[in-house]
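Fold and contact review
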Amino acid sequence: MAALVSSTEQESDRCGSEEENRGVEAGHGGQQQQTGPAAPGGSRLSKLPLARIKALMKTDPDVSLASQESVFIIAKATELFVEMIAKDALVYAQQGKRKTLQRKDLDNAIEAVDEFAFLEGTLD
């Protein structure tokens, strides 16, 4: 849990203070969160397109409505997941003295890290 808190604090440091982030979200007057290239402060709150995330969430028959807050949280969780698996795969690429990630690097990361066990066989 402490790692989650520290990574959240680091993310808020990169994107500005928490009050600024709330101000950006509240500043839309009830409109949808900005999904354009940059938030009014000059930095994006999410690196992934929120409209695409929302569309993917709605493909699940159990999801009829998705609030902007839930879409944003799913987008941030996805960003953190991709960052984590990419960093683990990078270790294997560096062991092979390469700078480019290859599929075998992802396969090695999935096999080596218990948290990625649910992904085994998905890249086949």
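About the thresholds
- Residues numbered from 1 in each chain as written.
- Predicted model: local features only at pLDDT ≥ 70, side-chain atom pairs only at ≥ 80, totals over all residues.
- Heavy atoms only, no water.
- Axes fitted to C-alpha atoms, helices over the stretch in contact; angles between N-to-C directions.
- Helix = DSSP H or I, 4+ residues; strand = E, 2+ residues; numbered from the N terminus.
- Parallel < 35°, antiparallel > 145°, perpendicular 65-115°, else oblique.
- Contact = heavy atoms within 4.5 Å.
- Nonpolar A, V, L, I, M, F, W, Y, C, P; charged D, E, K, R; others polar.
- Salt bridge = Lys/Arg side-chain N within 4 Å of Asp/Glu carboxyl O.
- Buried < 20%, exposed > 50% of the residue type's maximum accessible area, 1.4 Å probe, protein only.

This part covers the packing of helix α3 (residues 50-58) against helix α4 (residues 68-95). It is at 9 Å that the axes of α3 and α4 come closest, and there the two elements cross at 100°. The angle between the axes of α3 and α4 places the two elements in the roughly perpendicular class. For the pair α3 and α4, the contacting residues are Leu-50, Ile-53, Lys-54 and Met-57 in the first and Gln-68, Ser-70, Val-71, Phe-72, Ile-74 and Ala-75 in the second. Here the residues of the contact of α3 with α4 are counted per class, giving seven nonpolar, two polar and one charged.

Moving on, we get to the pattern of salt bridges. Under the criterion given, the structure shown has four salt bridges. As a salt-bridge pair, Lys-76 and Glu-79 come within 3.2 Å of each other at their nearest N and O atoms. Of the two residues, Lys-76 and Glu-79 are both situated in helix α4; the distance of three residues between them amounts to about one turn of the helix. Lys-76 sits in the buried class, given a relative accessible area of 16%. Between Asp-105 and Arg-98 there is a salt bridge, with its nearest N and O atoms 2.8 Å apart. In this structure Asp-105 comes out as buried when scored by relative accessible area, which is 1%. Overall, Arg-98 belongs to the partly exposed group, its relative accessible area being 21%.

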